[in-house]
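# Geometric and topological summary
As a plain string of letters, each chain reads:
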Amino acid sequence: MPPLLPSTAAAGLPRLRLPLPLPLLRRASHHSPHHPRLLPLAAALPPPPPDELLPTQATGLVAASQANFMRVIVESAAPGLDHHRGSDLLCVVRALLKKIRRRVLVGDRVLVGAVDWADRRGMIEDVFERRSEVADPPVANVDRLVVLFSLDQPRPEPATLTRFLVEAESTGIPFVLVFNKVELVDEQTKAYWRDRLNSWGYDPLFLSVDQQSGFAALEEMLEGQTTVVVGPSGVGKSSLINALRGNQDISEEDPIHKLVEQNSKWFGEQRVGTVSKKSGKGKHTTRHVSLLPIAGGGFLADTPGFNQPSLMKVTKKSLAETFPEIRKMLKESEPSKCLFNDCVHLGERGCVVKGDWERYPYYLQMLDEIKIRESIQLRTFGTKREGDVRYKTGIMGVKQAEPRLELKKHRRVSRKKINQSILDDIDDDIDDRDDDYLFDVKQRSSSRKR
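These notes cover the structure that comes with them. (Residues numbered from 1 in each chain as written. Predicted model: local features only at pLDDT ≥ 70, side-chain atom pairs only at ≥ 80, totals over all residues. Heavy atoms only, no water.)

## Here we look at the overall build of the protein chain
Helix and strand content of the protein chain: 11 helices and 15 strands. Taken across its 450 residues, the protein chain has 40% of its residues classed as buried. Across the protein chain, every contact between residues at least 6 apart in sequence was considered, and the portion connecting residues at least 24 apart equals 67%. Carbon and sulfur atoms provide 52% of the accessible area of the protein chain, an area that totals close to 27100 Å². (Helix = DSSP H or I, 4+ residues; strand = E, 2+ residues; numbered from the N terminus. Buried < 20%, exposed > 50% of the residue type's maximum accessible area, 1.4 Å probe, protein only. Contact = heavy atoms within 4.5 Å. Areas by Shrake-Rupley, 256 points an atom, 1.4 Å probe, with all protein chains shown as cover.)

## Remarks on the packing of aromatic side chains
In total, this model carries 10 aromatic pairs according to the counting rule given. Note on F179 and W193: the rings are 6.0 Å apart at their centroids and 35 degrees apart in plane angle, and the pair reads as tilted. You can see F179 sitting in strand β9 (residues 175-180) and its partner W193 sitting in helix α4 (residues 187-200), a full 14 residues away along the chain. Accessibility classification places F179 together with W193 in one group, the buried group. Centre to centre, the rings of F179 and F206 are 5.6 Å apart; their planes meet at 15 degrees, and the pair counts as stacked. Linking F179 in strand β9 with F206 in strand β10 (residues 205-206), this pair joins segments that are 27 residues apart in sequence. One exposure class covers both F179 and F206, and it is buried. (Phe/Tyr/Trp six-rings, centres within 6.5 Å; stacked < 30°, edge-to-face > 60°.)

## With respect to the nonpolar core
Core analysis: the largest hydrophobic core is formed by 52 residues, its most contacted members being V104, I124, L161 and F179. Counting residues per element, this core draws most heavily on strand β2 (residues 69-77), at five residues. Excluding anything up to four places from it in sequence, V104 contacts V62, M70, V93, L97, V110, I124, V127 and R130. The next biggest cluster of nonpolar side chains, apart from the first, holds 20 residues, and it includes L311, V314, Y360 and I370. (Core = buried A, V, L, I, M, F, W, Y, C linked by side-chain atoms within 4.5 Å.)

## Focus on the side chain of K237
One can find K237 in helix α6 (residues 237-246). Polar contacts involving the side chain of K237 include one to the main-chain carbonyl oxygen of G231, which spans 3.2 Å. (Polar contact = N/O pair within 3.5 Å; in protein donor to acceptor, adjacent residues only side chain to side chain.)

## Comments concerning a nonpolar patch on the surface
Taken together, the side chains of I418, I422, L423, I426 and I430 define a hydrophobic patch exposed on the protein surface, amounting to about 420 Å² of accessible area. Along the chain, L423 turns up in helix α11 (residues 415-449). A relative accessible area of 46% places L423 in the partly exposed class. (Patch = residues over 30% accessible without salt bridge, like charges linked within 9 Å, V, L, I, M, F, W, Y side chains within 5 Å. Salt bridge = Lys/Arg side-chain N within 4 Å of Asp/Glu carboxyl O.)

## Let's talk about α4
Look at α4: 20 Å from first C-alpha to last across 14 residues, which is about the 20 Å you get at 1.5 Å a residue. Looking at α4, one finds that the buried residues are K190, W193, R196, L197 and W200. Projected onto a plane normal to the axis of α4, the buried residues spread over an arc of 135 degrees and lie on a single side. Opposite the packed face of α4, turned more than 90 degrees from it, sit the exposed residues E187, Q188 and D195. Looking at the packing, one finds that the buried side of α4 touches α3 (158-171), β9, β10 and α9 (324-332). The first or second residue beyond α4 is G201, which carries a positive phi of 105 degrees. (Expected span 1.5 Å × (residues − 1). Arc of directions from axis to C-beta.)

## A look at the environment of Q225
Structurally, Q225 is set in the loop between α5 (216-222) and β11 (226-230). Spatially, the C-alpha atoms of Q225 and N141 are 9.9 Å apart, while their sequence positions differ by 84 residues.

## What about the environment of V115?
As for its position among the elements, V115 is in strand β4 (residues 109-116). Sequence separation between V115 and T56 is 59 residues; the distance between their C-alpha atoms is 4.8 Å. Sequence-distant contacts of V115, defined by excluding residues within four places in its chain, comprise T56, Q57, A58, L89, R121 and G122.

## Topic: the environment of G246
Looking at the element boundaries, G246 is found in helix α6. Of the residues examined, G246 reaches a relative accessible area of 59% and is grouped as exposed.

## Here we look at the pattern of salt bridges
When their charged atoms lie close together, side chains carrying opposite charge are able to pair. Using the criterion set out here, one finds 11 salt bridges in the structure. In this structure, D88 engages R120 in a salt bridge whose closest nitrogen and oxygen atoms are separated by 3.0 Å. Of this pair, D88 sits in strand β3 (residues 88-93) while R120 sits in the loop between β4 and β5 (121-127); the two residues are 32 residues apart in sequence, bridging distant segments of the chain. For R120, a relative accessible area of 29% translates into the label partly exposed. For R130, the salt bridge goes to E133, with nearest N and O atoms at 3.2 Å. With relative accessibility at 30%, the residue R130 sits in the partly exposed group.

Here is the structure:
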């Protein structure tokens, strides 16, 4: 990436504040001051230090999203405003971010401007660098995933379980598979699923939210991390989060306690629903994504339940890497490997991956689904796509980034083009009148001859 500012040989020299040209000075006087970092490049930059912030600016963590509003927990503010750290702001997203299709996700570190500290409101003006991103559900900067299923009510379906595991593997984020509601089954069923998951390449945890048992290993994993709990509806995601937060002793002096008390709608105890008696599946009780603070640092993310992960980031080449069985067979066959580099393990000549494992039909089914999706995307969007940002060389050779707006949507038609279209319409109108006149002359001449 090109440097934002020209490099100087003498790093110790003080920075000079150069006068702005008159057009830029006028432009700056009509707009509210923004962070000195360029907006379209800020997604690759860390948050600024507090001494670079203005009194109406703050940086923070997007902890919840509902409708068009986002709840941001303040992490740093300008000097003299440190007492606002740990408080929350109700924010909207700057329109420019929507125009350049930069989505603000729960878990993002953001720059908030136009802050009204009295009413605790502001506007998200920028998004800083992301360590990771999860598509289903949309959460950023995730440290760990918890894939949660239940042993009964509803029972685990191998096809659905495989899709969730493939989605988790594709993110590259460490995850743990957890089974809830062990009190509803016997030890034989529990041992059956443990052995079956071991053959798939996973070592699941078993717990019971209802009986408050089996939490020790999971609590140790989640300490000080941002964790997202995913799984189908009805498996007990909200109940698990309530239990994990209830097991921790949060003192009244802790800023988290104050945050939860003031915003019980956003950060309080999660609503819990019952399993449908008709279908045996869960009902959609959680309707938005939110990060729930826990003692000792870290957050738990409760997410809406869904039964079919989209697998939008999985390609036909990367699908095989999300199955531990295929990775194991490729490793055991070393130094031998598949004859073709683009082998997708469909029984091609020279393929070292056999089809004698349990989840191979699910692999073939998802491979066909991804092939159809990629062919549709190729016909619809093609292979070339312009970026959302374009770069211009400004004053003193400084590279400046500008949003690349969509053609015919945000750009105004030039006056020259409008005038030319008016002239073309006039010419067409004159030609039509000439044609009508010649037609009338011919009609009159033919009638006279008769």
